[in-house]
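Here are the chains, one letter per residue:
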Amino acid sequence: MTDLEIATDAVIASTATTEPWLFQAMIEELSTAELGLGFIYTVLDLLAKRYDLTDAVVVLSHDALAVQEFRLGGRAVGADLAHRIAREPGVYCEPDVVPLAEREAVRTACQLALSMRMARFTASHDALTTIANRRTFDVALANSTVRAARYGWPFTLVLIDLRGLKAINDRSGHEYGDRLLRSFGFALRVCVRQGDLVARIGGDEFAVILNNAEGNEANAFIERLRQHIVSEGETIDFTMGTASSPRDSTDPAELSRIADARLYAKRGIIHR
Amino acid sequence: MMSPTEEDFELELRALPGVVNVGFHYSEKGDVDAVSLVVQGPDAASIRVVAKQIVSLYFPTATISIEEMKTLAHSSSTTLISPNRVTLVRADFNSHVGSCEVHISLGGRIGVGHSKNGPLIGGAEATLDALRHLDIDVPFYLVSSINIATSRGWPVIVTLRPTFNDVDRLGIAQADTELLSSAKATLNALNRYLDRATSEA
C-alpha cells in the first residue's frame, strides 16, 4: 500500500466512528468518483445543511499549493476574509456553531481529498505547462493505435521540437525559457480540437494526438498553430514530424519512430 | 458533483503561484461566467495573464477578476464575521418532564444548560446555565421571563438583574417556539455584556 492509501484508510476508519455523516459522504463520493475538489464542496454543503450555516470556508495547506481556501458553493472568498483566515488551516463557519471535533474531521477529510486530487493531477500532467505528461501521452497513444487497428479510426501523431531552447535559456535565462514553454503549451491547447491530446514528452519536445484526423486536418492544425504564435507576437521556432495511423502503422513505437524520422529529416539531421 | 474537467480547471488556477482562493459565479445555464482569484504575493500581473489564458480555454466568455492579499495575519477565530460571538445552537423542550436543554456555542466550544421550569422561564435559565458551562462569568440572575400579546405574535421579554450595582438588562425576541424566544431574549439581554466578556477572555 502507498502512504496515501494508508492515510486514506486511516481517515475513513476514524471518520466512520466519529462522524458518521461525513463517512457516508465519503463512501457515496467514492462509489461514483474519486475524492477530489467536488467532495470538498459537497462536504461544506452538507455541513451547512446540518448546522443551518449561512457560510463556511475550509482553509487547507498543501506542499505544492501552499494555502488554499474553499468556500461554500464555490463562491469567492475575497481578499479581506482570505487575509484574515489564511494563517490557520481549519473550518470557519457562520454562525460559529460547529463543534471543534467535527470541524477537525471535516478539515482532515477535505485535506485528504485535495491531496489525492493533486496527486492524480501531477501524475498525469506536466508541472510547467499543465498539459499532459509523457506517461499520459504513452497511454493515449497506445489506446489510439488499438482503436485504429481494430476499428480503422484514423488519427495523426504530431511530434514537435522547439528549436534553440538551450540557446534561449543561456541567453535570456531559464525564467524566460520556461515562459516560452508555457506559451507554447498554451498555443497547442488553443489550436487543437476537443478530444485531441496535447503533451509535453521531453524538455523541448511536445506531442499531439489528433483524433479522426489525417492529411487535411493535421495540416489545418499546423496552420492554426503557426498563425496563433504569430498573432501572439511570440518568436518560437519549431519543427514538426507527423505520422498517421492506421496508414503508416498501428504500432505505437513504430508510429513514433516514423514521426520522429520525418521531424529530423525536416531539420536536415540524420537520426541514428 | 464536479466533472474531472471542471476540477482540472479549478486545480490549474489554484496551482498558479500565490493563488489562495478561486471563486466562481455561474450563469442561469450553469456555465461559469465570472472567475475571482485571491492572490498572495507580488506577481499578480503575470498571474492575471496566465489565469486569463486558462479561463479562455475552458470558459471563453467568462470574465476574470484578481484581488491581491497583501500579508498574512494571524487569526485563531473559527467564525467568518465576529470571532468571539456567543451563538444559540439549539433549544429542546421535553414536554413529558417539562425540562429544557439549551446548546450555545463560543469559538467552536459548545455549552449545554438545563432547567426544569418549562419553556418560558426554563429557556432563560437554561441559557444562563449554558453560558456558565462555557466558563463565562455571568453576574446576573433572572427576574422575569414573560410573553406579551402583540398584533404580530407573542414575543418574550427577559429581564436580568446584575449582582453588582447596575441597571437591569432587558432582551426581547420572537422565534418559532416559546423556548427559542426565551433563549434568544436572554442572549439579547446579555448582548453587550457578552461581547465584552468574551473579547476579554
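Scroll up for the structure.
Residues numbered from 1 in each chain as written. Chains lettered and ligands numbered in written order. Predicted model: local features only at pLDDT ≥ 70, side-chain atom pairs only at ≥ 80, totals over all residues. Heavy atoms only, no water.

Peer 1: How should the nonpolar core be read in this particular structure?
Peer 2: Soluble, globular proteins show a tendency: their nonpolar side chains are buried together. Ile40, Leu47, Leu53 and Phe70 of chain A are the most contacted members of the largest nonpolar core, which has 37 residues in total. Going through the elements one at a time, helix 2 (20–32), helix 3 (37–51), strand 1 (55–62), strand 3 (90–94) and helix 5 (100–124) of chain A are the ones with two or more residues in this core. Tallying contributions element by element places helix 5 of chain A first for this core, with 10 residues. For leucine 53 of chain A, the contacting residues outside a window of four places in its chain are Leu47, Ala48, Cys93, Glu94, Pro95, Val97 and Val98 of chain A. Judged by nonpolar contacts, the second largest core, of 31 residues, contains Ala130, Leu142, Leu160 and Ala183 of chain B. (Core = buried A, V, L, I, M, F, W, Y, C linked by side-chain atoms within 4.5 Å. Buried < 20%, exposed > 50% of the residue type's maximum accessible area, 1.4 Å probe, protein only. Helix = DSSP H or I, 4+ residues; strand = E, 2+ residues; numbered from the N terminus. Contact = heavy atoms within 4.5 Å.)

Peer 1: Please explain the interface of chain A and chain B as it appears in this structure.
Peer 2: Quite often, the size of an interface is put as the accessible area lost when its parts meet. Taken residue by residue, the interface counts 50 residues in chain A and 47 residues in chain B. Looking at the side of chain A facing chain B, the largest losses of area belong to His83, Arg84 and Asp96 of chain A, adding up to 15% of the total buried there. Viewed at the interface, chain B and chain A are joined by three salt bridges. Note that arginine 117 of chain A is salt-bridged to aspartate 8 of chain B, the shortest N-O span being 2.6 Å. (Buried area = accessible area lost by both parts, 1.4 Å probe. Salt bridge = Lys/Arg side-chain N within 4 Å of Asp/Glu carboxyl O.)

Peer 1: Is there a simple way to think about the packing of aromatic side chains in this case?
Peer 2: All names here are of chain A. Under the definition given, this model contains 10 aromatic pairs over all chains. Aromatic side chains phenylalanine 184 and phenylalanine 206 sit 5.0 Å apart centroid to centroid with 70° between the ring planes, which places their arrangement in the edge-to-face category. Placement of phenylalanine 184 in helix 8 (residues 174–191) and of phenylalanine 206 in strand 6 (residues 205–211) is noted, with a sequence separation of 22 residues between them. Judged by centre distance (5.4 Å) and plane angle (50°), the rings of phenylalanine 184 and phenylalanine 238 are tilted. (Phe/Tyr/Trp six-rings, centres within 6.5 Å; stacked < 30°, edge-to-face > 60°.)

Peer 1: In this structure, what is going on with the environment of alanine 243 of chain A? I would like to understand it.
Peer 2: All names here are of chain A. Position of alanine 243 among the secondary structure elements: in strand 7 (residues 238–245). Alanine 243 gets classed as buried once you look at its relative accessible area, which sits at 1%. For the pair formed by alanine 243 and threonine 156, sequence separation is 87 residues and the distance between their alpha carbons is 5.7 Å. Apart from residues no more than four positions distant in its own chain, alanine 243 is found in contact with Phe155, Thr156, Leu157, Asp248, Leu255, Ile258, Ala259 and Arg262.

Peer 1: When you look at helix 2 (residues 44–58) of chain B in this model, what are you seeing that I'm missing?
Peer 2: Owing to its 3.6 residues per turn, the α-helix aligns residues three or four sequence positions apart on the same side. In this model helix 2 of chain B runs 21 Å from its N-terminal to its C-terminal C-alpha over 15 residues, within 8% of the 21 Å that 1.5 Å per residue would give. Where helix 2 of chain B is concerned, the buried positions are Ala44, Ile47, Ala51, Ile54 and Val55 of chain B. Seen end-on, helix 2 of chain B carries its buried residues on one side only, within an arc spanning 95°. What points out from helix 2 of chain B, more than 90 degrees from its buried face, is the exposed set Ala45 and Lys52 of chain B. Here the buried face of helix 2 of chain B lies against helix 8 of chain A together with helix 1 (4–14), strand 1 (19–26), strand 2 (32–40) and strand 3 (63–69) of chain B. (Expected span 1.5 Å × (residues − 1). Arc of directions from axis to C-beta.)

Peer 1: Where do I start with the side chain of serine 245 of chain A in this structure?
Peer 2: Along the polypeptide, serine 245 of chain A turns up in strand 7. Once residues within four sequence positions are removed from consideration, serine 245 of chain A is found in contact with Thr145, Ala148, Trp153, Pro154, Phe155, Glu214, Thr250 and Leu255 of chain A.

Peer 1: Is there a simple way to explain the sheet that holds strand 5 (residues 197–200) of chain A in this structure?
Peer 2: The strands that make up a sheet are held in pairs by hydrogen bonds between backbone atoms, and each pair lies either parallel or antiparallel. Residue and element names in this part refer to chain A. The four strands lie next to each other as 5-6-4-7, forming an open sheet whose pairing is antiparallel. Each edge of the open sheet carries a strand with a single partner, namely strand 5 and strand 7. Each strand axis lies, on average, 15° off the axis of its neighbour in the sheet, ignoring direction. By the bridge criterion, seven bridges tie strand 4 (residues 155–162) to strand 6 in an arrangement that is antiparallel. Following the sheet pairing, leucine 157 is matched in strand 6 by isoleucine 209. Each of strand 4, strand 5, strand 6 and strand 7 is contacted by helix 8, which is oriented at about 5° to strand 6, the strand it contacts most. (Pairing = 2+ DSSP bridges. Axes fitted to C-alpha atoms, helices over the stretch in contact; angles between N-to-C directions.)

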